[in-house]
Amino acid sequence: MATVPPNIVFILLDDLGYNDITTFGGGIAGGRVPTPNIDKLAAQGAIFSQAYSGTGTCAPSRAMLMTGRYPTRTGFEFTPTPNGMTSALAAFASGRRKTHLPDLQVNPEINDDILPFKDKGLPGSEITIAELLKQRGYHTVHIGKWHLGNRKDFLPNAQGFDESLLMHSGLYLPEDDPQAVNAKLDFDPIDKFLWAALSFAASYNGGAPFKPGGYLTDWWTDETLRVIEANRNRPLFLHLAHWAPHTPLQATKADFEAVGEFGTHRERVYAAMIRAVDRSIGRVMDKLAAEGLADNTIVVLSSDNGAPGYIGIPEVNAPLRGWKVTLFEGGIRVPMFVKWPQRIAPGTVVKTPVTHVDLFPSLAAAAGVPLPRDRVIDGVNFLPAAFGTGSVTRKDDAIFWQSGAYRVVRAGDWKLHVDGNQQKTWLFDLGADPGERNNLAVKQPQKVAELKALLVAHHANAVPSLWPHSLISPILLDKTLDQPVTDGDEYVLWPN
């Protein structure tokens, strides 16, 4: 009798900070807003204590977790930005007070007329984890954000998903909804663009947009529960890609009141959004149990990258340095928890570094599906480490990140940043300095040379990016966007 493959529920949060949940002993507002459902999920399976996103921004990270391949293989290196966004950011930057930060650089060779937003996506020649799992008889469902292309041949239904309830636009509720509590960030040009450009809309299987049935985080959860119930008698791969807590910051009035008064208005709205996400996780877990599916279901929870500095909340990634749109730990170190009662013991902790490219081969192994033989898969199977039967092993013990000329490698506890746009190098010993405060590049030239050689080898046969970067932005490492810039503030130059 054939073994029934496990159901797989992969929940991906958007811009969740390392310090947004209480699993690691912190939590927003010093733990005043606990995340008990996420904490429970983490405790019931494996905590990957050094888990990384594919990069410091959302879309390339999502491409890596869907394919198990680095941008050097796929060319999916930069996040597609909506038409008009680059020019809006440039206009805002032109009015900024002059500091030691370099000006935002717009690439004159790329604009919305040359390469529209709709034409930027993951090529159909790539094999996604959904396509792979269909070979094993899985029914595949996507709910939420996609950001891997809006053209028909890029959408989830063309990339292996039988069903897709898509975030057609990004308001959580209409701006004037009586149940919405909004927090606008007047200091952030991205936020201004989003409020002007977004609407409250969803679509199903590429059809016409329609009004969602409620606050996005809760409504997507409602639909997730329906999918679980409808597919309880066949193998299911469900990818719930929450938008929260990404901007625009919108909470329900009920959650806003429940978290109580503290901090700034935006911090309270943000905390209320975290509360809604945590509630979603609890509802999904309870539904799996109610349907008798919990024991043979793998639940994975992670975030596409770290929290951004442009929301103006300083502690979201504490104690890590940096933000989304950097490759410092605050931008790429993310929570990742895997629960599988039949195979993973509660309270398991995997300390070896893992990354989003590892999800593809790990989930394929769990489902008993062989990996494609016609291409290189960069990720490795981390399940033996979670089972306690093996370890996570990869060539040179090295993990790579990139955005244009800004390139990073971690090998063992050593992490090297090379920002080719400002000709700056940072070297950190993460074992002794997980906050990346003590730059050892000058003191350790041999280690710098060794890690640079790994970067050179990694890029030796790289394919070109699918589209060029549209701008290069200075991103402060130690200050949020609303804080004043002072001489000596360190930054990276981020191409996108």
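This structure is a prediction, so every number in the text was calculated from the model and none was measured.

What counts, and at which threshold
- Residues numbered from 1 in each chain as written.
- Predicted model: local features only at pLDDT ≥ 70, side-chain atom pairs only at ≥ 80, totals over all residues.
- Heavy atoms only, no water.
- 1 Å grid on protein atoms, 1.4 Å probe; cavity = no way out; pocket = protein on both sides within 12 Å on 5 of 7 lines; lining within 4 Å.
- Points joined across faces, edges and corners; volume = space filled by probe spheres on them.
- Helix = DSSP H or I, 4+ residues; strand = E, 2+ residues; numbered from the N terminus.
- Nonpolar A, V, L, I, M, F, W, Y, C, P; charged D, E, K, R; others polar.
- Salt bridge = Lys/Arg side-chain N within 4 Å of Asp/Glu carboxyl O.
- Buried < 20%, exposed > 50% of the residue type's maximum accessible area, 1.4 Å probe, protein only.
- Pairing = 2+ DSSP bridges.
- Axes fitted to C-alpha atoms, helices over the stretch in contact; angles between N-to-C directions.
- Contact = heavy atoms within 4.5 Å.
- Phe/Tyr/Trp six-rings, centres within 6.5 Å; stacked < 30°, edge-to-face > 60°.
- Lys NZ or Arg CZ within 6 Å of the ring centre and 35° of its normal.

Trainee: Please provide a residue-by-residue account of the layout of surface pockets, values included.
Mentor: Taken as a whole, the second largest pocket encloses approximately 460 Å³ of empty space. In this structure, the second largest pocket is lined by 17 residues; those nearest its centre are Arg-73, Asp-378, Lys-395, Phe-400 and His-458. Looking at the lining of the second largest pocket, the elements that each hand over two or more residues are α4 (71-74), β15 (398-403) and α14 (445-459). For the lining of the second largest pocket, the element with the most residues is α14, which contributes three residues. Residue composition of the lining of the second largest pocket, grouped by class: nine nonpolar, three polar and five charged.

Trainee: If you had to explain the pattern of salt bridges to someone new, which residues and values would you point to?
Mentor: Within this structure, the stated rule accounts for 32 salt bridges. Residue Asp-255 pairs with Arg-275 through a salt bridge whose shortest N-O separation is 2.6 Å. Of this pair, Asp-255 sits in helix α9 (residues 253-259) while Arg-275 sits in helix α10 (residues 265-290); the two residues are 20 residues apart in sequence, bridging distant segments of the chain. In this structure, Asp-489 and Lys-479 form a salt bridge, with 3.0 Å as the shortest nitrogen-oxygen distance. Highlighted residues: Asp-489 in the loop between β19 (471-476) and β20 (491-495) and Lys-479 in the loop between β19 and β20, separated in sequence by ten residues. Each member of the pair Asp-489 and Lys-479 is classed as buried.

Trainee: Outline the pairing of strand β11 (residues 297-303), listing residues and values.
Mentor: Burial analysis of β11 places seven of its seven residues in the buried class, the great majority of the element. Residues Thr-297, Val-299, Leu-301 and Ser-303 line one face of β11 and the alternating positions Ile-298, Val-300 and Ser-302 line the opposite face, and both faces are buried. In terms of strand pairing, strand β1 (residues 7-13) meets β11 through seven bridges, oriented parallel. For Val-9, the partnering residue across the bridge sits in β11 and is Val-299. Here four bridges tie β11 to strand β12 (residues 336-339), and the two strands are oriented antiparallel to one another. Each residue of the ladder has a partner; that of Ser-302, found in β12, is Met-336.

Trainee: Residue-level account of the sheet that holds strand β16 (residues 406-411), with values.
Mentor: The strands that make up a sheet are held in pairs by hydrogen bonds between backbone atoms, and each pair lies either parallel or antiparallel. Ordered in space as β15-β16-β17-β18, the four strands form an open sheet in which the pairing is antiparallel. Looking at strand neighbours, the two that pair on one side only are β15 and β18 (424-429), the edges of this open sheet. If you compare each strand with its neighbour and ignore which way they point, the axes differ by 10 degrees on average. Bridge count between β16 and strand β17 (residues 414-419): six bridges; the pairing is antiparallel. Pairing of Val-409 across the sheet is with Leu-416, part of β17. Its contacts with the sheet put α14 on β15, β16, β17 and β18, and the angle it makes with β17 is roughly 65 degrees.

Trainee: How would you sum up the packing of aromatic side chains? Please name residues and give values.
Mentor: By the definition in use, this model includes 15 aromatic pairs. With a centroid separation of 6.2 Å and an interplanar angle of 80 degrees, the aromatic rings of Phe-210 and Trp-219 are classed as edge-to-face. For Trp-219, a relative accessible area of 9% translates into the label buried. Pairing Tyr-406 with Trp-494 gives two aromatic rings, centres 5.9 Å apart and planes at 80 degrees, and the pair type is edge-to-face. Separated by 88 residues along the polypeptide, Tyr-406 in strand β16 and Trp-494 in strand β20 bring together distant segments of the chain. Comparing Tyr-406 with Trp-494 shows no difference in burial state: the two are buried. Taken together, the ring pairs connect Tyr-18, Phe-24 and Phe-337 into an aromatic cluster. Between Lys-184 and the ring centre of Trp-195, over which it is positioned, the NZ or CZ distance is 5.0 Å. Stacked on the ring of Trp-401, the Lys or Arg Lys-415 has its end atom at 5.8 Å from the ring centre.

Trainee: An account of the sheet that holds strand β4 (residues 105-106) is needed here, citing residue identities and associated values.
Mentor: In space, the three strands of this open sheet follow the order β4-β19-β20, with antiparallel pairing throughout. Either end of the sheet is taken by a strand with one partner, and the two such strands are β4 and β20. Looking at chain direction, β4 and β19 are connected through two bridges and run antiparallel. When the sheet's bridge partners are listed, Val-106 is paired in β19 with Leu-471.

Trainee: Tell me about unusual backbone geometry, and name the residues and values.
Mentor: Cis geometry is adopted by the peptide bond preceding Pro-245, which originates at Ala-244 and carries an omega value of 0 degrees. Secondary-structure assignment places Pro-245 in the loop between β9 (236-241) and β10 (249-252). Cis peptide bonds are those with omega within 30 degrees of zero, and the linkage from Thr-247 to Pro-248 qualifies with 10 degrees. Its place among the elements puts Pro-248 in the loop between β9 and β10. Unlike most non-glycine residues, His-147 shows phi in positive territory, near 65 degrees. Within the element layout of this structure, His-147 appears in the loop between β5 (139-144) and β6 (163-167). One non-glycine residue with positive phi stands out, namely Val-325, at about 70 degrees.

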